Structures are given as C-alpha cells and as structure tokens.
Amino acid sequence: MKKVLLLCGSPRKKGNTYQVLDECARAIEQEGLETEIISLAGKNIRSCIHCKKCAELNECILDDGLNEIIAKLRESDGFIVGSPVYFGSARGDLMAALQRIGMVSFYHDFLSWKVGGPISIARRGGHTSTLQEMLMFFLYNDMIVPGSSSWNMVFGWAPGEVQDDEEGMKVIRKFGVNVATLIKKIKNNQVA
Ligand SMILES: Cc1cc2nc3c(=O)[nH]c(=O)nc-3n(C[C@H](O)[C@H](O)[C@H](O)COP(=O)(O)O)c2cc1C
C-alpha cells in the first residue's frame, strides 16, 4: 500500500502541530493510503556536522534516531513536515533533521518524486516565512509539492486551539487529499 510519512517538529507530544498532522493523515487515509506520524518530541536531533560520511555509509553517522526516520522515509511515497513557528522560523531541530536527511539524499537520491510539503502552525505570525524555509528542502530534493485552497498554515497557541481554525484545518485536509491523489496518479501511470 502507498504510504505517507508525516514528521512532527513540536516538542509537545500532542500539541497543535501533532493535531494538524493528524487531521492531514486522516484525510490521506480516507483516500486509501497508509500514514505514519513521527514526532521529534523527546528526541535530541543534532545538526549536520558536514563530515560527508553519509556519502559512503548511505545513512548519517550521528546516532540519535534520525536514521530510523530515514529508513521509513525511503519506504514512503509521500513526506509531510509540520513545524510550530518559533520567532518566525521553523523549530531548530526540525531543520537539523531536514538538512541531514537532505545530505544523505544528496549522495544517494532517495527523495526524488516523493509527494508532500510543509505545514506551519503559530499563534499569530511567521507562518509564511516558516513555510518558505521548509519548502527549500522539498524543492532542492526533486520532490513534488501540490497546493491547496490556501497556504498550509493553521492558527493556535495553547494545545488544541488549532481545532478552532476551521478554515486552516480545511486547507490542511485538502492538502492531504491532493498529496494522496497525486501519489495515486503518479503510481498508476508508472510503466514498470
Ligand atoms: C520559542 C517560541 C517561539 C514562538 N514564536 C512564535 C512566533 O514567531 N509567532 C507566533 O505566532 N507564535 C510563536 N510561538 C507560539 C507557537 O508557535 C504556538 O504556540 C504553536 O501553536 C505551538 O505548536 P505546538 O503546540 O505544536 O508546539 C512561539 C512559541 C515558542 C515556544
């Protein structure tokens, strides 16, 4: 079965980012695809040390749990990344994860034509700069990013407040449906 991996960049296990990704995952599952949400909560993801060892190892030399995420990502057809906005940026450890994933793929090209994109969550502002920041990862790595009926941003402060942003959640559900639909179209048209 086709699968979409969703990476949650919040330190709050069931916070707003997780709840938004869960909404997205349910929309994807309704289209007949499998999903899995992985949270960075409780993990200590380090930054890339530019050792280039991933070129020979085909994984990262740092042993902090990221290689398990990379292994799941290799088997997935889609990849969606959600981050809370911290001072107008994505959370640091999430960007560290994306940069290390990107470096392994730079040498071993496993991200090409995976479908997905970024989602940002904030109380008040900085959603768009955060989306743009995360989008750089997708576009560099030959991935396919569909749109939705607006940008992938949801408003919320205390955990659960995102449920009140009806328009934001609607946009996220549509994004999930678009990701799933695109994956099915790409896979159904593959010759081999
Ligand atoms: C260090 C820090 C910086 C933040 N910076 C912003 C910000 O720039 N803009 C904003 O609207 N909210 C900001 N927030 C609020 C969070 O983005 C917001 O509470 C979000 O819903 C948290 O998502 P979570 O529950 O998934 O962790 C910040 C929160 C923290 C802890």
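Rules used in this analysis
Residues numbered from 1 in each chain as written. Predicted model: local features only at pLDDT ≥ 70, side-chain atom pairs only at ≥ 80, totals over all residues. Heavy atoms only, no water. Core = buried A, V, L, I, M, F, W, Y, C linked by side-chain atoms within 4.5 Å. Buried < 20%, exposed > 50% of the residue type's maximum accessible area, 1.4 Å probe, protein only. Helix = DSSP H or I, 4+ residues; strand = E, 2+ residues; numbered from the N terminus. Contact = heavy atoms within 4.5 Å. Axes fitted to C-alpha atoms, helices over the stretch in contact; angles between N-to-C directions. Parallel < 35°, antiparallel > 145°, perpendicular 65-115°, else oblique. Left-handed = near helix turned anticlockwise from the far one by under 90°. Nonpolar A, V, L, I, M, F, W, Y, C, P; charged D, E, K, R; others polar. Near = heavy atom within 4 Å. Polar contact = N/O pair within 3.5 Å; in protein donor to acceptor, adjacent residues only side chain to side chain. Areas by Shrake-Rupley, 256 points an atom, 1.4 Å probe, with all protein chains shown as cover. UniProt positions renumbered as here; feature names shortened; annotations may be inferred. Pairing = 2+ DSSP bridges.

Asker: Go over the nonpolar core with me, naming the residues and quoting the values.
Answerer: Residues Leu-7, Phe-79, Val-81, Ile-101 and Phe-137 are the most contacted members of the largest nonpolar core, which totals 26 residues. At the level of secondary structure, the elements contributing two or more residues to this core comprise β1 (3–8), α3 (66–74), β3 (78–84), α4 (92–108) and α5 (127–140). With seven residues, α4 is the single largest residue contributor to this core. In this structure Ile-101 touches Leu-66, Ile-70, Leu-73, Phe-79, Phe-110, Leu-111 and Phe-137, once residues within four positions along its chain are discounted.

Asker: Would you mind going over the packing of α3 against α4 in detail, with residue names and values included?
Answerer: Two elements in contact, α3 and α4, have axes separated by 11 Å at closest approach and are oriented at 60 degrees. In terms of orientation, α3 and α4 fall into the oblique class. The crossing of α3 and α4 is right-handed. From α3, Leu-66, Ile-70, Leu-73 and Arg-74 reach across to α4, where they touch Ala-97, Arg-100, Ile-101 and Val-104. Residue composition of the contact of α3 with α4, grouped by class: six nonpolar, no polar and two charged.

Asker: Explain the site of the ligand residue by residue, including any values.
Answerer: Taken together, 17 residues sit near the ligand, with Ser-10, Thr-17, Phe-87, Arg-124 and Gly-156 positioned nearest. A distance of 2.9 Å separates an oxygen atom of the ligand from a polar atom in the side chain of Asn-16. In the model, an oxygen atom of the ligand is placed 2.8 Å from a nitrogen or oxygen of the Gly-156 main chain. Relative to its free-state accessible area of 650 Å², the ligand is covered by the protein chains to the extent of 79%. The set of elements that each furnish at least two residues to the shell around the ligand consists of α1 (16–30) and β4 (115–122).

Asker: Break down the packing of α1 against helix α6 (residues 166–188) for me, with residues and values.
Answerer: What describes two packed helices is the angle between their axes and the distance between those same axes. Running from amino to carboxyl end, α1 crosses α6 at an angle of 45 degrees, the nearest separation of the two axes being 8 Å. With respect to α6, the element α1 is oriented oblique. Here α1 runs over α6; the crossing is right-handed. On α6, the residues touching Gln-19, Val-20, Glu-23, Cys-24, Ala-27 and Ile-28 of α1 are Met-169, Ile-172, Arg-173, Phe-175, Gly-176, Val-177 and Ala-180.

Asker: How would you explain the UniProt feature "domain: NADPH-dependent FMN reductase-like" (unreviewed entry) in the protein if you had to name every residue and give the values?
Answerer: As recorded in UniProt, the sites labelled "domain: NADPH-dependent FMN reductase-like" (unreviewed entry) are residues 3–157. Secondary structure content for residues 3–157 is 38% helix and 19% strand, while the C-alpha to C-alpha distance between its ends is 30 Å.

Asker: Which residues make up the pairing of β3, and what are the values?
Answerer: A large share of β3 lies buried, amounting to seven of its seven residues. Every second residue of β3 is oriented toward a common face, with Gly-78, Ile-80, Gly-82 and Pro-84 on one face and Phe-79, Val-81 and Ser-83 on the other, all of them buried. Across seven bridges, β3 lies against β4 in parallel orientation. Bridging across to β4, Val-81 finds its partner in Pro-118.

Asker: A description of unusual backbone geometry should follow, citing residues and the corresponding values.
Answerer: Even without being a glycine, His-50 presents a positive backbone phi close to 50 degrees. When you line up the elements, His-50 lands in the loop between β2 (34–39) and α2 (54–57). With a phi close to 35 degrees, Asp-109 is a non-glycine residue in the positive phi region. Tracing the sequence through the fold places Asp-109 in the loop between α4 and β4.

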